[in-house]
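Chain by chain, the residues run as shown.
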Amino acid sequence: MSNLNTTPKFYDGTKLLSMQDIDGEKPVIYMVTSNRSAGKTTFFVRMLIKKFIDNGEKFCILYRWKKELNDIARKVFTNVSWKFPGYSMLDKKREKGNFCELLLKKDDEKAVTCGYAIAINGSDDIRKSSGELSSISRIFMDEFQSETNKYCPNEIEKFQSIYTTIARGNGQQSRYVPIYMCSNPVSILNPYFSIMNVASKLRKDTKFLKGKGWVLEQNLNDSARMAMTSSAFAKAMSGSNYIEYATDGKYLLDDNSFIEKPKNTPTTYIATFIYNGQSIALRQGMDDIFYFGGNIDDTYPLKIFVTNDDATLNASSLRANSGLMRLLRTYWDNSMVRFSDLQARECALRAIARL
């Protein structure tokens, strides 16, 4: 990961925020991943508060669960308070605790509403406050990739619902409200990367990546990496995947084993798997290896859906193709299956695991 973008002592998102998307337009979603302790959260929270102090522009900070909103003003303000001498932050729970009003107070002046903290899982209740939330100018989401791989049920739909509630205000059906998202690199198969089709475009040496309506920065902060790797704890745990993730920016939950292109030999098309709404090819090479991924042959008759959500009229179930699935399981157990990317690997794993 040494080829990733290096930065000064703490993260600076100026370049990311100046970028246009793949169509040359202003993005609505700005994402950044980096190793831990790089200063991503501090950069964005400080920016949000400063924009409010300077221009009166309110902000929203997204969390997953209602329990995360407890004592939220202290959590939000503690790491940036030194940048705002004389200021303090208060919070007030609203709508059954599914969101909190954040209030900023300077010295002995009256506290004023500067923004909101919202629980994604409470999206149904958030709609009731659309009028109030229409004053939000910016949205920030920290830890958009979950270290434990635990997301809200239907998180993407709830995330979209909250955004729609916020963006349709001020007499407009949809207004421009930028979203800033940051996290440590957990898995490129996280739901946000999946919905934006980031996984298929991302490479280990990618510094900046553009899509339709979004831009992504992969950042490696050398100062944070060196500080962490030199600690006694990191040395003691040097063989851990987590330490590599925390210090070197390696995706925690991803295993790149057996991800490779087919060798330069003929292959036979076996089937098309339907997984998460995507078509994934299965071929077998002259080397006797099965390959998931690559170009799709839409004319090939055998189509297999992996989950019930993927079922279509022209595709059959895994159970109906049990002979092929048992064969794939045997080849899997003998390390004779390869994948074009992590999405193809996950498809194969889910299909074989359902035997």
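The residue count restarts for each chain, going from 1 along the sequence in the order it is written. Restriction of local features to residues with pLDDT of at least 70 applies here, the model being predicted, together with a cutoff of 80 or more for giving and counting side-chain atom pairs; totals for whole chains, interfaces and linings are based on all residues. The side-chain quantities take in all heavy atoms of the structure and omit both hydrogens and water.

Quick look at the overall build of the protein
Our working rule: Starting at the N terminus, helices and strands are each numbered in turn, a helix being any DSSP run of H or I of at least four residues and a strand any DSSP run of E of at least two. Exposure classes here rest on a 1.4 Å probe applied to the protein chains alone. A residue is buried below 20% of its type maximum, exposed above 50%, and partly exposed in between. Residues count as neighbours in contact if any of their non-hydrogen atoms are within 4.5 Å of one another. Residue burial considers only the protein chains on display, and all accessible areas are found by Shrake-Rupley using a 1.4 Å probe.
Of regular secondary structure, the protein possesses twelve helices and 14 strands. Counting every position in the protein, which comprises 355 residues, the buried fraction comes to 48%. Contacts in the protein between residues at least 24 apart in sequence constitute 67% of all its contacts with a sequence separation of at least 6. Working note: accessible area of the protein is about 17,800 Å², and carbon and sulfur atoms make up 48% of it.

Some details on the pattern of salt bridges
Let me state the cut-off plainly: Salt bridges are defined by distance alone: a side-chain nitrogen of Lys or Arg within 4 Å of a carboxyl oxygen of Asp or Glu.
What the rule picks out here adds up to nine salt bridges. Between Arg74 and Asp71 there is a salt bridge, and its shortest N-O distance comes to 2.4 Å. Among the residues examined, Arg74 registers a relative accessible area of 47% and is labelled partly exposed. For Arg127, the salt bridge identified is with Asp124, shortest N-O distance 2.5 Å. Arg127 sits in the partly exposed class, given a relative accessible area of 41%. Salt bridges sharing common partners tie together Arg94, Glu101 and Glu132.

What about the nonpolar core?
Nonpolar side chains in soluble globular proteins tend to end up buried together. Applicable threshold: We define a nonpolar core as any set of buried Ala, Val, Leu, Ile, Met, Phe, Trp, Tyr and Cys residues linked to one another through side-chain atoms lying within 4.5 Å.
Counting residues in hydrophobic clusters, the biggest one holds 36 residues, and the most contacted among them are Met31 and Ile118. Elements with a minimum of two residues in this core: strand E1 (29–34), strand E2 (58–63), strand E5 (112–119), strand E6 (136–142), helix H6 (155–167), strand E7 (179–183), helix H7 (191–195) and strand E9 (214–219). It is H6 that contributes the most residues to this core, six residues altogether. If we ignore the near neighbours within four places in the chain, the residues touching Met31 are Leu16, Phe144, Met181, Phe193, Met196, Val198, Trp214, Val215, Leu216 and Glu217. Residues Phe52, Ile61, Ile72 and Ala73 belong to the second largest nonpolar core, which totals 33 residues.

Looking at the side chain of Arg283
Note the threshold: Positive charge is attributed to Lys and Arg, negative charge to Asp and Glu, and no charge count is given to His or to the chain ends. Polar contact is the term for a pair of N or O atoms within 3.5 Å; when the atoms are in protein, one must be able to donate a hydrogen and the other to accept it, and sequence-neighboring residues count only if both atoms are side-chain atoms.
You can see Arg283 is positioned in strand E11 (residues 278–285). Look at Arg283: it is buried, it has no salt bridge, and the nearest opposite charge is Asp297 at 6.8 Å. Among the polar contacts made by the side chain of Arg283, one reaches the main-chain carbonyl oxygen of Gly293 at a distance of 3.4 Å. Each residue touching Arg283, except ones within four places of it in the same chain, is listed here: Thr267, Thr268, Tyr269, Ile270, Ile289, Phe290, Tyr291, Gly293, Gly294 and Asn295.

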